[in-house]
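What follows is the residue order along each chain.
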Amino acid sequence: MDNVEQNNEREMLELVLQATASSYVSMHILNMLDFTFEPVKTTPNIDAIIQKFGNQDIRRLLPFVLGILTDPISRNEVSLFSDIETLDERLKDVNQIALEFLSCTMGWCRCRFIAVTRQANGLLEKVLCVVENIDQTRRESYLQVGIINVLAENFTNIFTVNAKTREARTFRYSEKAVGVQQTIQNAPLYENIMGAYIQNNVYEADREDMLKTCEFSNLVRVMREEGTFSYHYRMVLNGEPHFYLFKAVRLGNAENFEVIVIGVACEDEAKKQEALLEESLRVAEQANKSKSTFLFNMSHDIRTPMNAILGFANLLEKHSDDPELIKSYANKIKGAGSYLLNLINEVLEMARIESGATSVNEKPTNLFDIASQIRAVFDEEYRKKKIVVTDEIYPDHPYVLCDMTKIQGILLNVISNAVKYTPEGGRIRISVRDYPHEQEGIRLFETIVEDSGIGISEDFIPHIFDSFSREKSVTENRILGTGLGMGITKKLVDLMNGSIDVESQLGKGTKISIKVPLKVIDKFECSQKENADLDVSRLKGMRILVAEDNELNREIAGELLHEMGFEVDFVEDGVKCVSVVQNLEPFNYDFILMDVQMPHMDGVEATRRIRNMTNPARASIPIIAMTANVFDEDRKKAYDAGMNGFTSKPIELDKLYREIVRVLGK
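Here is what the cut-offs are and how they apply
- Residues numbered from 1 in each chain as written.
- Predicted model: local features only at pLDDT ≥ 70, side-chain atom pairs only at ≥ 80, totals over all residues.
- Heavy atoms only, no water.
- Pairing = 2+ DSSP bridges.
- Helix = DSSP H or I, 4+ residues; strand = E, 2+ residues; numbered from the N terminus.
- Axes fitted to C-alpha atoms, helices over the stretch in contact; angles between N-to-C directions.
- Contact = heavy atoms within 4.5 Å.
- 1 Å grid on protein atoms, 1.4 Å probe; cavity = no way out; pocket = protein on both sides within 12 Å on 5 of 7 lines; lining within 4 Å.
- Points joined across faces, edges and corners; volume = space filled by probe spheres on them.
- Buried < 20%, exposed > 50% of the residue type's maximum accessible area, 1.4 Å probe, protein only.
- Nonpolar A, V, L, I, M, F, W, Y, C, P; charged D, E, K, R; others polar.
- Patch = residues over 30% accessible without salt bridge, like charges linked within 9 Å, V, L, I, M, F, W, Y side chains within 5 Å.
- Areas by Shrake-Rupley, 256 points an atom, 1.4 Å probe, with all protein chains shown as cover.
- Salt bridge = Lys/Arg side-chain N within 4 Å of Asp/Glu carboxyl O.
- Lys, Arg positive; Asp, Glu negative; His and termini not counted.
- Charge placed at Lys NZ, Arg CZ, Asp CG, Glu CD.
- Expected span 1.5 Å × (residues − 1).
- Polar contact = N/O pair within 3.5 Å; in protein donor to acceptor, adjacent residues only side chain to side chain.

(A) Up close: the sheet that holds strand 8 (residues 228–237). Taken together, the five strands give an open sheet; going across it, the order is 7-6-10-9-8, and neighbouring strands pair in antiparallel fashion. Only two strands of the sheet have a single partner each, and these edge strands are strand 7 (168–172) and strand 8. With strand direction ignored, the average angle separating the axes of adjacent strands in the sheet is 25°. Bridge analysis of strand 9 (residues 240–251) against strand 10 (residues 259–266) gives eight bridges, and the strand direction is antiparallel. Bridge pairing in strand 10 places Arg-250 opposite Ile-260. Across the sheet, helix 8 (residues 190–201) lies against strand 6 (157–162), strand 7, strand 8, strand 9 and strand 10, angled at about 40° from strand 8, the strand it touches most.

(B) View of the layout of surface pockets. Considering only enclosed or pocket space, the second largest pocket measures out at about 750 Å³ in volume. Among the elements that line the lining of the second largest pocket, the one with the most residues is helix 6 (residues 135–151), at seven residues.

(C) Just the environment of Asn-162, in detail. Mapped onto the elements of the fold, Asn-162 is located in strand 6. Given the relative accessible area of 27%, Asn-162 is considered partly exposed. Considering only alpha carbons, one finds Asn-162 and Ile-260, 98 residues apart in sequence, at a separation of 6.4 Å. Beyond its immediate chain neighbours, meaning those up to four positions away, Asn-162 contacts Glu-167, Phe-216 and Glu-258.

(D) Structural view of empty space enclosed by the protein. Applying the stated rule across the entire model yields two cavities of 30 Å³ or more. Taken together, 14 residues line the largest cavity, and the ones lying closest to its centre are His-28, Ile-46, Ile-50, Leu-62 and Val-65. Residue assignment for the lining of the largest cavity shows that the elements contributing at least two residues are strand 1 (24–31), helix 2 (44–53), helix 3 (58–69) and strand 5 (124–133). By residue number, the principal contributor to the lining of the largest cavity is helix 3, which donates six residues. Of the residues in the lining of the largest cavity, the class split is 12 nonpolar, two polar and no charged.

(E) Looking closely at the side chain of Glu-392. Its place among the elements puts Glu-392 in strand 12 (residues 388–393). What Glu-392 contacts, discounting residues up to four positions off in sequence, is Arg-429, Ile-430, Ser-431, Val-432 and Arg-433.

(F) Just the sheet that holds strand 21 (residues 623–627), in detail. Judged by pairing direction, the sheet is parallel, and its five strands sit side by side in the order 19-18-20-21-22 without closing on themselves. Each having just a single partner strand, strand 19 (567–571) and strand 22 (645–648) make up the two edges of the open sheet. Across the sheet, the mean angle separating the axes of adjacent strands is 25° when strand polarity is ignored. As paired elements, strand 20 (residues 591–595) and strand 21 share four bridges and run parallel to each other.

(G) How the structure looks around a negative patch on the surface. A contiguous patch of negative charge on the surface is contributed by Glu-551, Glu-555, Glu-559 and Glu-563. Within the fold, Glu-563 resides in helix 17 (residues 551–563).

(H) Seen up close, the pattern of salt bridges. As enumerated under the stated definition, the model contains 27 salt bridges in all. Lys-406 is the partner of Asp-403 in a salt bridge, and the nearest nitrogen-oxygen pair spans 3.0 Å. Just as Asp-403 is buried, Lys-406 falls in that class too. Within the structure, one salt-bridge network assembled from shared partners comprises Asp-57, Arg-59, Arg-60 and Glu-85.

(I) Molecular detail of helix 17. With 13 residues, helix 17 ought to run about 18 Å at 1.5 Å a step, and its terminal C-alpha atoms sit 19 Å apart, in line with that. Considering only its buried residues, helix 17 is in contact with strand 18 (543–547), strand 19, strand 20 and helix 22 (653–664). For helix 17, the side-chain oxygen to backbone nitrogen distance between the N-cap and Leu-552 is 3.0 Å, and the N-cap itself is Asn-550. Following helix 17 by one or two positions, Gly-565 adopts a phi angle in the positive range, close to 95°.

(J) Expanded view of unusual backbone geometry. Of note, the bond from Glu-585 into Pro-586 is cis; its omega dihedral lies within 30 degrees of zero at -10°. With respect to the secondary-structure elements, Pro-586 resides in the loop between helix 18 (574–583) and strand 20. Unlike most non-glycine residues, Asn-238 shows phi in positive territory, near 55°. Even without being glycine, Lys-386 reaches a positive phi, approximately 55°. Counting through the fold element by element, Lys-386 comes out in the loop between helix 13 (367–385) and strand 12. For Lys-386, a relative accessible area of 55% gives the class exposed.

(K) The arrangement of the pairing of strand 8 in detail. Across the two faces of strand 8 the burial differs, with Phe-229, Tyr-231, Tyr-233, Met-235 and Leu-237 buried and Thr-228, Ser-230, His-232, Arg-234 and Val-236 not buried at all. As defined by bridge partners, strand 8 adjoins strand 9 across 10 bridges and the pair is classed as antiparallel. If you follow Ser-230 over to strand 9, its bridge partner there is Lys-247. Taking the residues between adjacent antiparallel strands as the criterion, strand 8 and strand 9 are bridged by two residues, where Asn-238 takes a positive phi near 55°.

This is a description of form; function is not addressed.
Structure, rendered in structure tokens:
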């Protein structure tokens with residue numbers, strides 16, 4: 001080594017010593033060529049161990065010295081780390097390596113090997129071996145980590161306790177805790193502080209258990225076993241109990257920890273969230289139970305009309321030569337099919353309302369018209385069951401802005417229940433009146449439906465609006481229903497900022513009161529609906545294109561449309577529909593019946609493409625949507641795409657006729 005390199009080495013060593021010598025226990029320069037060493041800093045204890053060993057070869061000496069200094073818990077790691085034979089390989093790509101270990105007498109230490117000089121081939125020439133006492137640094141580090149962990153949980157009171165002396169030190173203190181700070185100043189022992197805290201702050205019913213559970217020896221035992229200690233209790237603030245957490249963590253391993261960090265935190269918010277979660281779980285469990293009950297009942301409700309449809313279809317085949325029986329069976333099949341469709345519609349309506357997809361669409365309405373329509377719906381059922389019905393429809397302001405469809409839905413559900421559960425020869429009273437409202441231009445309309453039916457038990461009334469709930473199973477009362485009607489009714493009433501109340505007694509009947517605020521308008525604002533007569537002869541000879549992917553639906557639509565006098569052509573999807581409209585010569589269709597959901601291209605997209613065609617006659621052809629999706633948003637989607645009308649599936653002849661007349665202006 002030349003003089004320049006020697007000077008550089010010495011200068012570097014002096015800088016290292018100046019910067020770190022105060023914290024080092026020992027420092028030796030190891031010569032990797034002849035395996036000797038040169039002491040830079042040492043201790044009498046280390047010198048004595050070296051002299052006792054005798055052999056100066058660092059390959060044997062260093063493991064021996066470090067082995068004596070090391071606690072048995074760290075001895076295996078230190079033995080591997082002090083292996084001189086592998087030092088070249090371990091320092092091949094780095095300038096230093098280090099190991100923290102527990103010594104016998106000095107607590108935690110750190111041993112480091114630092115590459116000082118290397119040979120031309122890269123192998124080590126001289127290495128600095130340093131042993132540093134890091135026990136205090138490590139303790140402070142553990143303490144900081146423990147405090148940070150406690151602070152992270154928003155603890156209002158934080159203090160440390162020496163596990164050997166039980167002496168406490170405050171890091172954070174809340175004035176809410178009475179008597180604690182004074183105790184820490186005068187008698188800073190754990191048991192004194194806890195005694196004062198519990199006596200002056202803890203809810204009386206929790207004091208005895210907290211004193212026992214948080215007793216110091218028990219606290220230490222739990223932390224040795226688990227590392228942390230937690231206790232939940234109530235603290236009194238301004239005369240009211242609040243939920244609190246007492247938490248302790250040890251700093252160090254299970255056998256040798258000396259410091260305990262203790263924190264106290266308010267849990268009121270966490271308890272609120274816990275209560276909310278428990279309530280959510282209870283609601284979810286109730287919903288699952290209700291749905292299970294619903295599915296059990298629905299299995300019967302669906303099978304009943306399906307059995308009727310299949311049974312009467314078989315009878316039709318057997319009695320195909322008897323016109324009277326055929327007519328009778330066909331009517332019964334239609335009745336069962338209508339019930340099944342209503343069942344499906346109620347389930348879909350409830351799902352739609354719960355998803356938030358329902359909105360109020362207000363239009364000028366005459367309440368007397370609604371009353372008349374509702375009466376017409378139930379007249380036949382009144383007659384069959386010989387029910388005496390009293391109508392007291394006396395609103396002072398019958399002309400209003402309202403969502404007529406939703407008002408009808410509410411009344412249909414409530415009156416339908418009255419009819420279902422009123423025995424033959426019973427009575428039903430329907431009353432409509434309006435009263436003043438606090439808002440100008442608004443009246444509060446009250447509808448009362450009162451029956452002399454079987455009534456509702458007092459226990460079930462609170463659950464009458466729960467989805468899927470029925471007081472008795474279908475098999476018990478033999479009255480068909482889904483348990484959704486009143487749930488739908490309540491949600492519709494809520495949507496219109498109204499209220500609904502139920503009074504009932506078993507065996508005596510039920511009274512349902514519905515109050516809804518409605519804006520009053522002038523009579524002349526109510527537009528009169530056009531009621532076209534069902535005169536199908538007006539449409540004979542017209543040619544239509546039907547886009548429908550389902551073969552059975554095509555067959556049914558074809559038969560109905562042929563009966564109305566139409567000439568009908570079919571396509572199976574939107575792609576073919578667009579192609580026919582684009583290319584057919586001569587183009588002589590009067591309008592298109594377009595299914596909305598079809599493979600390859602749906603009816604909405606097909607309509608958009610037709611409307612974008614350059615030929616005006618083809619682009620403007622009237623298009624009527626034909627779909628099983630009958631909600632307001634489905635209509636809007638169809639109209640936004642450029643459709644002119646909307647009819648639902650299954651096809652009802654009179655509704656389809658009126659929609660065609662409206663669209664074509666016939």
